[in-house]
Structure formats: structure tokens, C-alpha cells
Amino acid sequence: MGISQYIKEIGRGKDGARSLTRAQAADLLGQVLDGTVTDLEVGGFCLAMRIKGETPDEMAGFLDAAHARLHRLPDNGLTTVVLPSYNGARKLPVLTPLLALLLARQGVPVLVHGTATEDKRVFASAVFNELGVLSAAQVPRLAAGDVAFVPTEVLCPGLKRLLDVRRVVGLRNPAHSLVKLMNPCAGKSFIVGSYTHPEYASSMAATWALTGAHAMLLRGTEGEPVADARRTPRMEIFQDGERTEVQPQQDGPLAQLPSLPAVDASGTAAYIRAVLNGSLPIPTPIALQVEHILRALEHHDSPAHAHAL
């Protein structure tokens, strides 16, 4: 059928554009992910949404379309922590693998998913590779304490294609927000979402409230889902869509700054090994993040909460 009728609605400029319903948004993105529309239509959709911005209803619809097409991780009877890793490192080392391995050490199954969205950054996949955690070629079954890095194209090839549009047009599109909100698990999950700008915090929070997510939201390190090692960010937990602040933002940097490695993958991996074996301390903001995630999992999996559901 094509998506031209939707582009006509969303493409009337910042003030003239009309928003789509959740069902329309799901239909639109479904066609894009299935690859049944032209490259020209995909470009038109990406640029129109970039100018208009997504409403929570539209983003919920986009999530519906993605969730219907994801190759999901099988239900393991546990709550899997999901770390979307798409920004990589530019000025600071990417410590998402450290967060993943600290959680796994506590018996938590951890899924990190992502893809390189720019050429000049160091991505979590490269650091994991140095640590001996190779990118999965298919969707894994995770047990307690397992960590997997799953490339986006393994979860959904259409989503990877849409992310790659950025390399052509030079602008982000709804897929860049979608991957930080989506649930790639058939069973229970806890998603750690991060943002770079306050407006994204508002839109992510509104979407999760609408979809009843179980998640953490924070301003991560350069958009990665791990707390900045130099200062503690505000952290919020979403429980069935209800939002609670669990960690206030720290004003100014830590009194004693951690000695961080260079941005390159091998240096970052060596640093992570040193933290895991106790040679170096866990940066306080990351230790706090681990603590809040474990507490949220404990609360979510408690018999009282299950009874309330």
C-alpha cells in the first residue's frame, strides 16, 4: 500500500504536521521494517519525523511494530537486564561492558544489544571482543549470570537498515529512540534507557508510562546506558509505567575522580578487568547504578508485587 498517505500527514512542517494514531504509526513502521517501501519513502519518513518529532502515541506504535518483528530472546524464567548500546565512546571510555559484567556477577542475565552508528567512535562490541565476549550470531538463551552482546541485525534486520539511513542523510530518525526503549525479551525484562538531551528524557518517560514499562532512565555517558564515572546522574525507575526517582543528580563532580583509561577498546578492556578483579575500585556512580538496578529487580520479582499484578 505504501506510506505516502502517512508522509503527507507528518510532512507538513513543524507547525502544519499532524500526528499519527498509535495504530497508524505501527502500520507505517511495520512497512518500513518489512522493506516493502521505496528508499525515497523511507527518506521522506525519516526527514519528516525529524522535523516534527515523535509523540508518545507514535513511539508506542513504532514499538508495537518493532516488537511484532523482533527475534526475541526466549523466556528464561528470570528478569533479563537489557542495555541498549548505540552511542559508543567519543571522549570517555565506553563502560557499558563493565556495568553488564558487574550485574552478571550478581547472577543477573544481561543482554547488551547495539550496532555502530558512526565511524569515529569506539563501541561496546569492540570492548566486549577484547574481553572475550563475542557478538552473537543468533538470539541466545541466557541463564543467570550470563552476558551476551547481540547485534541489532540479529534481533531485526529491518531495524538495522533503518539505523543505517543516518549514514546517508546525516540525521537521526525514530529508530535511534526506538532501540533504547524496546524490549527484545519474550520473558520479563528490565530496560536501562539513557538520553543525551532533556527533551529525550521527557519523550522516553512519556512512552514508557504509556506502555507500562519496567525500566531505569538516566542521562548516561555520552548516550550509553551506564552512569558517568565522574558524577552521579539522576536515576529514575519505571514500574508498570509508574515513575520514581531513586537517585538525585549530584551537583558537580565526585570529590575524588576515578582514573579512567583511554577511549580505545584494549585500554578500556584492561581497565574493566582491573575493576572486576579488585585492583581498581568500582566508580561510585556505577556502583550506585548497579545497586538501584538490583533493588528494582528484587522489588519487581517479589511475591507481593506478583500478587498485586
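Now for a look at the structure at hand.

The rules we used
Residues numbered from 1 in each chain as written. Predicted model: local features only at pLDDT ≥ 70, side-chain atom pairs only at ≥ 80, totals over all residues. Heavy atoms only, no water. Helix = DSSP H or I, 4+ residues; strand = E, 2+ residues; numbered from the N terminus. Rg over C-alpha atoms; globule rule 2.2 N^0.38 Å. Buried < 20%, exposed > 50% of the residue type's maximum accessible area, 1.4 Å probe, protein only. Contact = heavy atoms within 4.5 Å. Areas by Shrake-Rupley, 256 points an atom, 1.4 Å probe, with all protein chains shown as cover. Lys, Arg positive; Asp, Glu negative; His and termini not counted. Charge placed at Lys NZ, Arg CZ, Asp CG, Glu CD. Expected span 1.5 Å × (residues − 1). Phe/Tyr/Trp six-rings, centres within 6.5 Å; stacked < 30°, edge-to-face > 60°. Axes fitted to C-alpha atoms, helices over the stretch in contact; angles between N-to-C directions. Left-handed = near helix turned anticlockwise from the far one by under 90°. Nonpolar A, V, L, I, M, F, W, Y, C, P; charged D, E, K, R; others polar. Disulfide = S-S within 2.5 Å. Pairing = 2+ DSSP bridges. Right-handed = clockwise from strand over helix to strand, strands pointing away. Polar contact = N/O pair within 3.5 Å; in protein donor to acceptor, adjacent residues only side chain to side chain. Salt bridge = Lys/Arg side-chain N within 4 Å of Asp/Glu carboxyl O.

**Overview of the overall build of the chain**
Alright, step 1. A tally of helices and strands in the chain yields 14 helices and 7 strands.
Alright, step 2. Here the chain has a C-alpha radius of gyration of 19 Å; the compact-globule value for 309 residues is 19 Å, and the two agree.
Alright, step 3. Seen through its C-alpha atoms, the chain measures out along the principal axes to roughly 60 × 50 × 40 Å.
Alright, step 4. Across the 309 residues of the chain, 53% fall into the buried class.
Alright, step 5. By sequence separation, contacts in the chain at least 24 residues apart represent 72% of the contacts at least 6 residues apart.
Alright, step 6. Accessible area for the chain stands at about 13400 Å²; split by element, carbon and sulfur atoms hold 52% of it.
Alright, step 7. Between the mean site of the 29 positive side-chain charges and the mean site of the 30 negative ones, the chain shows a separation of 4 Å.

**Observations regarding helix 4 (residues 39–52)**
Alright, step 1. Taking 1.5 Å per residue, 14 residues should reach 20 Å; helix 4 reaches 20 Å between its end C-alpha atoms and fits that length.
Alright, step 2. What helix 4 keeps buried is the set E41, V42, G43, F45, C46, A48, M49 and K52.
Alright, step 3. Turning to helix 4, the residues buried within the fold contact helix 1 (4–10), helix 3 (22–34), helix 5 (56–69), helix 9 (157–169) and helix 10 (174–178).
Alright, step 4. Of the residues trailing helix 4, G53 is marked for its positive phi of about 85°.

**Some thoughts on the packing of aromatic side chains**
Alright, step 1. On inspection of all chains with the given rule, the structure shows 3 aromatic pairs.
Alright, step 2. With 5.9 Å between their ring centres and 80° between their planes, F45 and F62 make a pair best called edge-to-face. Note that F45 is positioned in helix 4 and F62 in helix 5, a separation of 17 residues in sequence. Like F45, the residue F62 is buried in the burial classification.

**Quick look at the packing of helix 5 against helix 11 (residues 198–211)**
Alright, step 1. Running from N to C, helix 5 and helix 11 cross one another at 65°; their axes reach a closest spacing of 9 Å. As helix 5 runs across helix 11, the sense of the crossing is right-handed. Along the contact surface, helix 5 presents P56, D57, M59, A60 and L63, while helix 11 presents A206, T207, L210 and T211.
Alright, step 2. The residue makeup of the contact of helix 5 with helix 11, split by class, is 6 nonpolar, 2 polar and 1 charged.

**Some details on the state of the cysteines**
Alright, step 1. A full pass over the atoms with the stated rule returns 0 disulfides.
Alright, step 2. C156 forms no disulfide, and the closest cysteine sulfur to it belongs to C46, at a distance of 14 Å.
Alright, step 3. On the basis of relative accessibility, which here comes to 4%, the residue C156 falls in the buried class.
Alright, step 4. No disulfide involves C185; its sulfur sits 15 Å from the nearest other cysteine sulfur, which is in C156.

**Quick notes on the environment of L83**
Alright, step 1. Tracing the backbone shows L83 in strand 1 (residues 80–84).
Alright, step 2. Each C-alpha atom of the pair L83 and V110 lies 7.5 Å from the other, and the pair is 27 residues apart in sequence.
Alright, step 3. If we ignore the near neighbours within four places in the chain, the residues touching L83 are T96, L99, A100, V110, L111, V112, H113, V192 and P225.

**Some points on the pairing of strand 5 (residues 215–218)**
Alright, step 1. Because side chains alternate across strand 5, one face comprises the buried residues A215 and L217, and the other comprises M216 and L218, equally buried.
Alright, step 2. Note that strand 4 (residues 189–194) and strand 5 share 4 bridges and pair parallel. Bridged to V192 within strand 5 is M216.
Alright, step 3. As for the winding sense of the linkage, the β-α-β connection from strand 4 through helix 11 to strand 5 is right-handed.
Alright, step 4. Here strand 5 pairs with strand 6 (residues 235–239) via 4 bridges, running antiparallel. Its bridge partner being in strand 6, L217 is matched across the sheet by E236.

**Some words on the environment of R161**
Alright, step 1. Note that R161 resides in helix 9.
Alright, step 2. What makes R161 partly exposed here is its relative accessible area of 44%.
Alright, step 3. Each C-alpha atom of the pair R161 and L33 lies 8.1 Å from the other, and the pair is 128 residues apart in sequence.
Alright, step 4. A polar atom in the side chain of R161 sits 3.1 Å from the backbone oxygen of L33.

**Regarding the pattern of salt bridges**
Side chains bearing opposite charge may pair, as long as their charged atoms lie close to each other.
Alright, step 1. Within the structure shown, the criterion is met by 12 salt bridges.
Alright, step 2. The salt bridge involving D64 is made with R22; its shortest N-O contact spans 2.7 Å. Of the two residues, D64 sits in helix 5 while R22 sits in helix 3, which places them 42 residues apart along the sequence.
Alright, step 3. Note on R22: relative accessible area 30%, which makes it partly exposed.
Alright, step 4. Here R231 and D228 are joined by a salt bridge, their closest N and O atoms 3.6 Å apart.
Alright, step 5. Look at R231 and you get partly exposed, because its relative accessible area is 33%.
Alright, step 6. Residue class for D228 comes out buried when judged on its relative accessible area of 11%.
Alright, step 7. Connected through shared salt-bridge partners, R234, E236, R243 and E245 make up one network.

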